[in-house]
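# A closer look at the structure
As a plain string of letters, each chain reads:
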Amino acid sequence: MDAEPLTVNGSADLSEVARVARGALEGVPATPGAGKPDPIMTAVGVRRSFGGIVAVDVDRVEIQRGSITALIGPNGAGKTTFFNLMTGFDAPDTGAWSFNGTSLEKVAAHRTAAMGMVRTFQLTKSLTKMSVIENMKLGATGQRGEKWWNGVLPFRWRAQETAIEARADELLARFSLDHMRDEYAGTLSGGQRKLLEMSRALMTNPQLVMLDEPMAGVNPALKQSLNKHIRGLRDEGMTVLFVEHDMDMVHDLSDWVIVMAEGRIIAEGTPDQISSNTAVIDAYLGTNQGKSLLEDM
Amino acid sequence: MLAAFSDMNWQLIATATLTAVFGVDAMYFAIAAIGLNVQFGYAGLLNFGQAGFMACGAYAIGMTAHYWNISFWWGIPMAIGYATVFGLIMGIPTLRLRSDYLAIVTIALAELLRLIVRSVTFKKYFNGSDGINGFGKTFTEETPFNPSGKYSLWPFDQNANLFGRVMLLLIFSVASVMVGRMIADRLRGPREKLRVILPVVIFALVMLGAKQTEYGGLGFKSLIVGWLVVFVIGALIYMLMRSPWGRVIKGIREDEEAVRSLGKNIYSYKLQALILGGAIATFGGMMFSLSRGSVQPDNYSRDTTFFVLTALVLGGLAKVTGSIVGPMLYWGISQFISVFLFELTQAWGGRVEIFGVPLITSSSQIGAWVQGLLGLMLVLLMVFRPQGLFGNRKEMALDGR
Ligand SMILES: Nc1ncnc2c1ncn2[C@@H]1O[C@H](COP(=O)(O)OP(=O)(O)OP(=O)(O)O)[C@@H](O)[C@H]1O
Ligand SMILES: [Mg+2]
């Protein structure tokens, strides 16, 4: 595999873009709800409850453009629900949120994708009865052939289709899925499906990629190369927001970390600041066990 | 017992069966099944109201004579208009909900539509339970066929004209190649050879079968036109399902959320599929009415919906070939069982008894046996070949993962 050695905080071989991204976050205070110099996404007072459970109750959060931001927190913290709210898959009880300065209240889920904000799912959603390449091509936006009246007029979409296919093949090669190109997606392994879902999301040409546990079930060697791919996305100018439980991964990959617990943002900061934050450790393990995790990190 | 079999009129059984395979019922079912396939097979929409859409077509064409007094050709745009309205009424409230809601609403609305068109209150528009007769005269009268003559689908029939011959040969050969290749691709063995041999064999069988058919001249024109409609619509859907539009539709069947996350307006696509499938079904209603020269409300009951669904499942979902061959086999088999049992009853002196158990004591019981045996056949199909005759086993196998 083309795995690279794990460095303590991933800073050994930082790209130029990464240095700029981290530099921009340098002056940001490590407090929940901290304002960012150039936020691509902002959520204010977003609250969602299911019956008695308040799943999400975020006073304020901003995601810095061009950075890799990790969203962490214990199981049931509300991370997935927060993703659903931001992308229009669920509606909050109250709150306002915007993407690129445009309010996303009452914007349907499919429009958020067209605006450049794409998400993946914690439980992978590959379209199993379609081939891998068809899965990929489905991801491209603005396809003329997706209008029913154009469907039977191949000359109106053939050229676009060829271009889309070329781009899909490129992405498949990048994510080492090219050998599965013509297989049913249902024949892929769990980890391969994660890769397929992520590369399919990239077919939409997003500005903001929201990945819900992209590494879950992926083998360590592949994790390393996925890691590289995610950094590659940032280096190409995309913003990445990802949910992850593996602290090494978070530390290695992210420019900024946001911690959720019981629906609220309890801490924010650089990976180093977060790993020494006792509130975070308490949230994960209960009050008295903080020390052992600190040593882990 | 064996003597009885040799007494039976096998020639008649063969003719009746093959006539049904290519007959009007198979033709209009095939059109409706292509439509249902778009909705159910490809998009996964549980439409149990296909008879309602067929009625939209039948009544659109009937009303041109009964109410509007205009050329029956206006029936086509009107049918599409009715289907659109009907589809919107069905789809708008339900397509955002879970799929079961659509099923319930479609079954109810199709029944409601039938009750409205047969009601006394709206007799002025739809002529109540008498139905509408005597429309499309220009269509039926301007026919090259002799109304009292007998015709077959054999392309070299002495009665056939050049155009008919060419069309029949074309349809038979294209269909044989499509079906033959499809079967060849499913079989193990020397595929390349099978891809040549099977179409030839099927073509020969179809030609032999066509020679056995026998139709009255009165509805023969609508039969020919109807199969042409099947052919054209089938080809269009085949293309559409291979287009990016079809890709979105197939994606929706599997996982709406995934497709939505990629920026597609699921709700709109589902409405499009529902209405497109419905608009196709109206052609089934139109062709059936034209072949009879009459529209009867009770032809569009729930039974029709479920028979079309049965025929489609028999052929195999999400395959254009399946949606056409399914209805042909459905009607062929049911006619075969029916005529076979009739002949058997005749040959055995009016009763069928096995080990002293009287199974059939009068020919009026045959209808029930046909239904029962068809049902049994469907159960066996579901057990041994759940994907239908032409469905894709590989795709079925991916379900559980
Ligand atoms: N549809 C729902 N109905 C009821 N409760 C829900 C629903 N979705 C989420 N919840 C509740 O909201 C809370 C947050 O769930 P969520 O899935 O957002 O957690 P998470 O942070 O993604 O957890 P994990 O790390 O395990 O994926 C949980 O208590 C969960 O039970
Ligand atoms: Mg989650």
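First, a word on what this report is: a plain description of the structure on this page.

### Comments concerning the packing of aromatic side chains
Residues and elements named next belong to chain B. Under the definition given, this model contains 23 aromatic pairs over all chains. For the pair tyrosine 67 and tryptophan 68, a centre-to-centre distance of 5.0 Å together with 80° between the ring planes defines the contact as edge-to-face. Classification of tyrosine 67 by relative accessible area gives partly exposed; the value is 32%. With a centroid separation of 6.0 Å and an interplanar angle of 50°, the aromatic rings of tyrosine 125 and phenylalanine 126 are classed as tilted. Grouping aromatic residues by their ring pairs yields a cluster made of Tyr28, Phe29, Phe288, Phe307, Tyr330 and Trp331.

### Regarding the site of ligand 1
All names here are of chain A. Around ligand 1 lies a shell of 13 residues, among which Asn75, Lys79, Thr80, Thr81 and Gln122 are the nearest. Between ligand 1 and asparagine 75, the relevant distance is 2.8 Å, taken from an oxygen atom to a side-chain nitrogen or oxygen of the residue. Within the contact set of ligand 1, an oxygen atom lies 2.7 Å away from a side-chain nitrogen or oxygen of threonine 80. Contact with the protein chains hides 63% of the accessible area of ligand 1, taken as 640 Å² for the molecule alone. Of the residues in the shell around ligand 1, the class split is 4 nonpolar, 7 polar and 2 charged.

### Here's the deal with the interface of chain A and chain B
Chain A puts 36 residues into the contact, and the matching count from chain B is 31 residues. For the chain A and chain B pair, buried surface summed over both sides reaches about 3000 Å², with 63% attributable to carbon and sulfur atoms. Viewed at the interface, chain B and chain A are joined by 4 salt bridges. Of the charged contacts, one joins glutamate 146 of chain A and lysine 264 of chain B as a salt bridge, the two residues approaching to 3.0 Å between their closest N and O atoms. One can count 10 residue pairs in polar contact (both at pLDDT 80 or more) joining chain A with chain B. For the side of chain A that touches chain B, the secondary structure elements donating two or more residues are α3 (109-115), β6 (117-119), α4 (132-138), α5 (148-151) and α7 (190-202) of chain A. Its residues assigned to classes, the side of chain A that touches chain B comprises 16 nonpolar, 10 polar and 10 charged.

Quick notes on the rules
- Residues numbered from 1 in each chain as written.
- Chains lettered and ligands numbered in written order.
- Predicted model: local features only at pLDDT ≥ 70, side-chain atom pairs only at ≥ 80, totals over all residues.
- Heavy atoms only, no water.
- Phe/Tyr/Trp six-rings, centres within 6.5 Å; stacked < 30°, edge-to-face > 60°.
- Buried < 20%, exposed > 50% of the residue type's maximum accessible area, 1.4 Å probe, protein only.
- Near = heavy atom within 4 Å.
- Polar contact = N/O pair within 3.5 Å; in protein donor to acceptor, adjacent residues only side chain to side chain.
- Areas by Shrake-Rupley, 256 points an atom, 1.4 Å probe, with all protein chains shown as cover.
- Nonpolar A, V, L, I, M, F, W, Y, C, P; charged D, E, K, R; others polar.
- Contact = heavy atoms within 4.5 Å.
- Buried area = accessible area lost by both parts, 1.4 Å probe.
- Salt bridge = Lys/Arg side-chain N within 4 Å of Asp/Glu carboxyl O.
- Helix = DSSP H or I, 4+ residues; strand = E, 2+ residues; numbered from the N terminus.

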